[in-house]
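Inside the fold
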Amino acid sequence: IVAARGNEEDNTVELRRMSVDSNYRGKGIAKALGRKVLEFAVLNNYSSVVLGTTAVKMAAHKLYESLGFKHVGVVEHYALPGMTHSLLERMFFQLRYHRYRLQLREE
């Protein structure tokens, strides 16, 4: 599955979700899904594609980079939407939120 949303205000497409069933990983499906989002962005004249991820597995980061995305920053201690910031959540969910951008054309 892949989900993306265009943002007219800054002329970007945000890659919101991308997931492949564990039984089918390693077959190029995620790369094909990512390329489809990039194709959509180019065909619709968006200037860039952005994404954010809390993925721990390096394979996800390597996938984004193989599609041409550049790592543009990290937010430490990221809070997932809906978190209550309880003591347990602060102990176990100190997430790193990685941001990526693929510039398609200059504005």
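This section reports on the structure supplied with the text. These numbers were taken from a predicted model, which means no experiment stands behind them. (Residues numbered from 1 in each chain as written. Predicted model: local features only at pLDDT ≥ 70, side-chain atom pairs only at ≥ 80, totals over all residues. Heavy atoms only, no water.)

Let's talk about the sheet that holds strand E1 (residues 2-7)
How we decide: In short, DSSP must find at least two bridges between two strands for them to pair. Secondary structure elements are taken from DSSP: a helix is a run of H or I of four residues or more, a strand is a run of E of two residues or more, and numbering for both begins at the N terminus. Axes, fitted as lines to C-alpha atoms, cover a helix only where it is in contact. Angles between the N-to-C directions of the axes lie from 0 to 180 degrees. The contact definition used throughout considers only heavy atoms, calling two residues in contact when any of these lie within 4.5 Å.
Overall, mixed pairing links the five strands, which are arranged E1-E2-E3-E5-E4 in an open sheet. Of all the strands in the sheet, the pair left with one neighbour each is E1 and strand E4 (70-78). Averaged over all pairs of adjacent strands, the angle between their axes in this sheet comes to 25 degrees, without regard to strand direction. The sheet contact formed by E1 and strand E2 (residues 12-18) spans six bridges and is antiparallel. Within E2, the residue paired with Gly-6 across the bridge is Val-13. The strands touched by helix H1 (residues 29-43) within the sheet are E1, E2, strand E3 (48-53) and strand E5 (95-103), with E2 carrying the most contacts at an inclination of about 160 degrees. Each of E2, E3 and E5 touches helix H2 (residues 58-66); the most contacted strand, E5, lies at about 15 degrees to it.

Observations regarding the packing of aromatic side chains
Each aromatic ring pair is summarised here by two numbers: the centre-to-centre distance and the angle between the ring planes. So the rule is basically this: Stacked, tilted and edge-to-face are the three classes applied to pairs of Phe, Tyr and Trp rings, where Trp contributes its six-membered ring and a pair requires centres within 6.5 Å; stacked means planes under 30 degrees apart, edge-to-face means over 60, and tilted covers the rest.
Applying the stated criterion to the full structure yields three aromatic pairs. Taking the centre distance of 6.4 Å and the plane angle of 75 degrees together, the rings of Tyr-64 and Phe-69 count as edge-to-face. Through pairs of rings, three or more aromatic residues link up here, namely Tyr-64, Phe-69 and Tyr-100.

Quick notes on the nonpolar core
Put simply, the test is: To qualify as a nonpolar core, a set must consist of buried Ala, Val, Leu, Ile, Met, Phe, Trp, Tyr and Cys residues joined through side-chain atoms within 4.5 Å. Remark: exposure states derive from per-residue accessible area (1.4 Å probe, protein chains only) relative to the maximum for the residue type, with buried under 20%, exposed over 50%, and partly exposed in between.
Core analysis: the biggest nonpolar cluster contains 15 residues, and Val-13, Leu-38, Val-49, Leu-51, Tyr-64 and Phe-69 have the highest contact counts within it. For this core, the elements supplying multiple residues, two or more each, are E2, H1, E3, H2 and E5. Not counting the four nearest positions on each side in its chain, Tyr-64 is found in contact with Met-18, Leu-51, Thr-53, Phe-69 and Tyr-100.

Observations regarding the environment of Glu-14
Its location among the elements puts Glu-14 in strand E2. Residue classification places Glu-14 among the partly exposed residues on the basis of a relative accessible area of 24%. Measuring from C-alpha to C-alpha, the distance between Glu-14 and Val-49 comes to 5.7 Å, with 35 residues separating the pair along the chain. Other than its neighbours up to four places away in sequence, Glu-14 contacts Ala-3, Ala-4, Arg-5 and Val-50.

Topic: unusual backbone geometry
Residue Asn-11 is not a glycine yet carries a positive backbone phi of 55 degrees. Summarising the element assignment, Asn-11 is placed in the loop between E1 and E2. Positive phi values are uncommon outside glycine, yet Asn-45 reaches one of about 60 degrees. Topologically, Asn-45 is positioned in the loop between H1 and E3.

Concerning the layout of surface pockets
Basically, it comes down to this: Any residue with an atom within 4 Å of a point lines the site, the site being either a cavity, points on a 1 Å grid over the protein atoms alone where a 1.4 Å probe fits but cannot get out, or a pocket, an open set with protein on both sides within 12 Å along at least 5 of 7 lines. Grid points are joined across faces, edges and corners, and a volume is the space filled by probe spheres set on the points. Gly is placed with the polar residues, together with every amino acid not listed as nonpolar (Ala, Val, Leu, Ile, Met, Phe, Trp, Tyr, Cys and Pro) or charged (Asp, Glu, Lys and Arg).
Its volume calculated, the largest pocket comes out at about 920 Å³. Around the largest pocket, the lining comprises 30 residues; the ones closest to its centre are Met-18, Thr-53, Ala-55, Ala-60 and Tyr-64. Contributing elements (two or more residues each) for the lining of the largest pocket: E2, H1, E3 and H2. The element contributing the most residues to the lining of the largest pocket is E2, with five residues. Of the residues in the lining of the largest pocket, the class split is 17 nonpolar, six polar and seven charged.

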